[in-house]
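# Coordinates in review
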Amino acid sequence: MSAFLPSNPDEHQRLLVDQIKDGALSRMVLMGIEGGDSATRAATSERLAKAMRADGAFASVVNGDAASRELDQHYLMQSRYLLSPRVTAERFSAEGLRGAIQGSINALGGSAGLLLKAIFPQDPTGELPALIERMTNGRMPSSQDGVWTSASGDIALLVAMTAAPGTDTDAQEQVLARIRSAFDAAREGADVRLLMSGTPVFSVDARRTIRAEIERLSLVGGLAILTIMLAFYRSARNVVIGLIPVLTGIVVAVVAVSLGFGTVHAITVGFGTTLLGETLDYSIYYLVQSGNNANWRREYWPTIRLGVATSICGFAALLFSSFPGLAQLGVYSIAGLLTAAAVTRFVLPVLPARPVPDSSIHWLGGKMAGVSLQVRRLKWLAALLAVASLAIVLVNHDRLWAKGLSGLNPAPLNLQKLDERLRREAGAPDLSHMLVVSAPTADQALQAGEQVEASLAPLVQSGTIARIDNPAHFLPSTAAQQSRRSALPDSAELSDRLRQAVAALPVKADRFQPFVEDVQAAKAAAPITLQTLKGTSFEFLLQSLLLHRDSGWAVLMPVALPEGAAKAQAARSAIEAALGHAEPRQQAYFLDMDRQATEMFGQYLNEALVFSVAGVVGVVLLLALALRQPARIARVLMPLVGAVVIVMAAHVLAGTALTLLHLVGLLLIVAVGSNYALFFDQSFGPASALTQGALQRGLSRTQAAALASLALANVSTMIGFGILAWSQVPVLHAIGATVGPGALLALLLAMAWSGAREGRTPEVAA
């Protein structure tokens, strides 16, 4: 999917692209252990977490076990006075202490009284419970037998961050294999199963699935095509010769992309090679039509050459795309097409191909002529279908194309649902809506984040915003820590204030000596740093919310908006207004990830569509230059337009939103279909149209060869691409469901709208 991310995003888009490619979320693996009883799952979780923590392939591993829980509790207890925003000079005055201690005494009578009673002498102001409530806010996973579990208790939960970047699929695949290996050892023969989700799982699964699907479907389609070729040519030698243009085209295409971009996306090779299936048509045209080499070059090569030129015009639209994957696909296709055409023109004629039997040519050519006559009788029905399809496309133009990345997500639906469940159960950060605050250093970014949060506090208090999370909650800025440290009184002063504070309360000041000692320790403690959080659950969250970028550091502050579209929109407007008036001005903005993704891909999709229109204009100009007759130009273009419009309308009626892969498929319909339309214009235009009389008199070998080659090329295209329509991978299905029927439609429409008068066989002025 990263191949379809723009190469030059703006500042806001850059954050989205970084998150998808290399952000913390792209390295997060969510795990669940199911089966067995609760104790077995918990024990397996503890052993698995221990093994993973000792493995350098993981930056952090959390599962709520005793080891990480003790670290979390120790960190919060030791650092509570530097972490708590309630630590002010007023709160530690005699009056402030009285109110805080009275509140804790009241809480002792509540449901958590037993727990609070144990820490009351050490934390009479209740800073620790308040911190836990602020940081978890009810979003911590449930716990059972000492580890995190799902709410239903049937799955033990773990979350890990890989050390390898999210874009390194090979490394992620190795990491997942290490997790499976560690799990096999950790379960110690128990009947428990490992569930895994997260972006690394998606990317590895997508690559494996796409590779397997392409290999399986290509094998089936390839064997079917080769069988048909062998049956038609009746020569294994011709079958081998027919593959030479395709294979050389692939080799040159890979080299061209490698030289041009420095690297070749796997998806470029996969889809590009599929697109180059078109070049198999060239050898088919040559082997079937070339009864006499000299005649073939004079009568047919100009048509093939013009078809190659129109295909290049279409794929040239991809060269200028901001999506590196599409740009590579453009170079790959053009280099492959040019090479295959050159090999067909200059190499195949010198190879010892066997003449294709006349019986095969006349049999298939005659069948095609009969089909052509039948189809031509339906030309007005075909025109009506094309007009109706155009109307459907125009009426539905606003929902024709998919929004955002959803249409390109290769993950199967069951894996997406598992990810959604594990992410919710584990309380992973929801970055759908967030504030982004940037600064040159991490500490400055944290301080700016604290100021932005303070400026939005009225919106939280009024309920306009449900909640704001901030990495500064776990790692306050140096300024915030210093301010809180300064608010703490020294030992003597605190003891004196305590005596005043508890004078009217049912407790004695002497009981709070541990509290006095902790406050003094906090005043003398070293500042909290990233290293302080090492090994805690908060380190894991900090990696997700504090980002080191090329331009400095960014703090991500997830924002929970109220439910309901109207309230959510009102919250967005209020946030943006508050950010605009916040003082001092910060480099901060509100980011709606879904909206940003939709806008970004809408922008770049529009760009791709504009380039595609430019490519179509290039095709029209090329045909105008070559054919020089408006009627012939229209006769060539109409089947292409008709096929594209009907396929688009079919997708609309099927409820399929078109993606960039559909766009590539539509371009391929133009590329393949142009060959059909040009051959019908050359051999069966108005001057030499197929009629019942001509058919009864018998087809010439030239006409029969032209029809037979078109039939063979069309069948190979439909098999090669149409079989992809059966793939469960959305991106492969998109190509197959577009090109397969589109190629057949282009041929049928070229037949239906070809001329109707008998006469000569014109030449193509190319």
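Here's what I pulled together on the structure shown here. Values in this document were obtained by computation on a predicted structure and should not be read as measured data.

This next bit is on the side chain of Ser 360. By the element assignment, Ser 360 lies in helix H15 (residues 358-376). By relative accessible area, Ser 360 is classed as buried at 5%. If we ignore the near neighbours within four places in the chain, the residues touching Ser 360 are Phe 232 and Arg 234.

Moving on: the side chain of Thr 536. The topology assignment puts Thr 536 in the loop between helix H21 (513-524) and helix H22 (537-545). Not counting residues within four places of it along the chain, the set of residues in contact with Thr 536 comprises Val 62, Leu 71, Asp 72 and Tyr 75.

Before going further, it helps to examine the packing of aromatic side chains. Taken as a whole, this structure holds 10 aromatic pairs when the rule is applied. Geometrically, the ring pair formed by Phe 92 and Phe 515 is stacked, given 6.2 Å between the ring centres and 20° between the ring planes. Of the two residues, Phe 92 sits in the loop between helix H3 (66-83) and helix H4 (94-108) while Phe 515 sits in helix H21, which places them 423 residues apart along the sequence. For Phe 92, a relative accessible area of 0% translates into the label buried. The exposure class assigned to Phe 515 is buried, which follows from its relative accessible area of 0%. Aromatic ring contacts, followed pair by pair, group Tyr 75, Phe 474 and Phe 538 into a single cluster.

This brings us to helix H2 (residues 38-53). If you check H2, its first and last C-alpha atoms are 22 Å apart, about what 16 residues at 1.5 Å a residue would give, namely 22 Å. Those residues of H2 not exposed but buried are Ser 38, Arg 41, Ala 42, Thr 44, Ser 45, Leu 48, Ala 49 and Met 52. Viewed along the axis of H2, the buried residues span an arc of 165°, placing them on a single side of the element.

What follows deals with the packing of helix H11 (residues 280-289) against helix H14 (residues 324-347). Packed helix pairs are specified by the crossing angle of their axes together with the interaxial distance, meaning the distance between the axes. In the contact formed by H11 and H14, the axes pass within 9 Å of each other and the chain directions differ by 15°. When the axes of H11 and H14 are compared, the pair comes out roughly parallel. Along this stretch, H11 crosses H14, giving a crossing that reads as right-handed. Packed against H11, whose contacting residues are Tyr 282, Ser 283 and Tyr 286, the element H14 presents Leu 337, Ala 340, Ala 341 and Thr 344 at the interface. Partitioned by chemical class, the residues of the contact of H11 with H14 number 5 nonpolar, 2 polar and no charged.

Those residues of helix H19 (residues 478-487) not exposed but buried are Ala 480, Gln 481, Arg 484, Arg 485 and Ala 487. Angular distribution of buried residues about the axis of H19 spans 160°; they occupy a single face of the element. Check the buried side of H19 and you find it contacts H3, helix H18 (442-461) and H21.

Taken together, the 4 bridges between strand E9 (residues 546-549) and strand E10 (residues 552-560) define a ladder with antiparallel strand orientation. Bridging across to E10, His 548 finds its partner in Trp 553. The antiparallel pairing of E9 with E10 creates a hairpin that spans 2 residues between the two strands.

A separate point is the pattern of salt bridges. Scanning the entire structure with this criterion turns up 22 salt bridges. Notably, a salt bridge pairs Arg 193 with Asp 191, separated by 3.9 Å at the nearest N-O pair. Across the pair Asp 592 and Arg 572 runs a salt bridge, and its minimum N-O distance is 3.1 Å. Of this pair, Asp 592 sits in strand E11 (residues 587-592) while Arg 572 is found in helix H23 (residues 565-581), placing the two residues 20 residues apart along the sequence. Residue Arg 572 is classed as buried on the basis of its relative accessible area of 12%.

The next point concerns the nonpolar core. Core analysis: the biggest nonpolar cluster contains 120 residues, and Phe 232, Tyr 233, Val 288, Phe 315 and Leu 623 have the highest contact counts within it. Of all the elements, helix H26 (residues 660-684) adds the most residues to this core, at 16 residues. For Tyr 233, the contacting residues outside a window of four places in its chain are Asn 238, Val 239, Ser 283, Ile 284, Leu 287, Val 288, Val 356, Pro 357 and Leu 712. Counting residues in hydrophobic clusters, the runner-up holds 39 residues, among them Val 452, Leu 456, Leu 475 and Leu 533.

What follows concerns empty space enclosed by the protein. Counted by the stated rule, this structure contains 3 cavities of 30 Å³ or more. The computed volume of the second largest cavity comes to approximately 50 Å³. If you go around the second largest cavity, the residues you meet are Ile 225, Leu 226, Met 229, Tyr 233, Val 239, Gly 242, Leu 243, Leu 280 and Ser 283. Mapped by element, the contributors of at least two residues to the lining of the second largest cavity are helix H8 (199-233), helix H9 (236-261) and H11. Considering each element in turn, the lining of the second largest cavity owes the most residues, 4 residues, to H8. Residue composition of the lining of the second largest cavity, by class: 7 nonpolar, 2 polar and no charged.

In this section: the packing of helix H16 (residues 379-395) against helix H25 (residues 630-653). It is at 8 Å that the axes of H16 and H25 come closest, and there the two elements cross at 55°. Between H16 and H25, the angle falls in the class oblique. Read as a crossing pair, H16 and H25 show a hand that is left-handed. Seen from H16, the contacting residues are Leu 385, Ala 386, Ser 389, Leu 390, Ile 392 and Val 393; seen from H25, they are Gly 642, Val 645, Ile 646, Met 648, Ala 649, Val 652 and Leu 653. Taken together, the residues of the contact of H16 with H25 break down into 11 nonpolar, 2 polar and no charged.

The rules behind these values
- Residues numbered from 1 in each chain as written.
- Predicted model: local features only at pLDDT ≥ 70, side-chain atom pairs only at ≥ 80, totals over all residues.
- Heavy atoms only, no water.
- Helix = DSSP H or I, 4+ residues; strand = E, 2+ residues; numbered from the N terminus.
- Buried < 20%, exposed > 50% of the residue type's maximum accessible area, 1.4 Å probe, protein only.
- Contact = heavy atoms within 4.5 Å.
- Phe/Tyr/Trp six-rings, centres within 6.5 Å; stacked < 30°, edge-to-face > 60°.
- Expected span 1.5 Å × (residues − 1).
- Arc of directions from axis to C-beta.
- Axes fitted to C-alpha atoms, helices over the stretch in contact; angles between N-to-C directions.
- Parallel < 35°, antiparallel > 145°, perpendicular 65-115°, else oblique.
- Left-handed = near helix turned anticlockwise from the far one by under 90°.
- Nonpolar A, V, L, I, M, F, W, Y, C, P; charged D, E, K, R; others polar.
- Pairing = 2+ DSSP bridges.
- Salt bridge = Lys/Arg side-chain N within 4 Å of Asp/Glu carboxyl O.
- Core = buried A, V, L, I, M, F, W, Y, C linked by side-chain atoms within 4.5 Å.
- 1 Å grid on protein atoms, 1.4 Å probe; cavity = no way out; pocket = protein on both sides within 12 Å on 5 of 7 lines; lining within 4 Å.
- Points joined across faces, edges and corners; volume = space filled by probe spheres on them.

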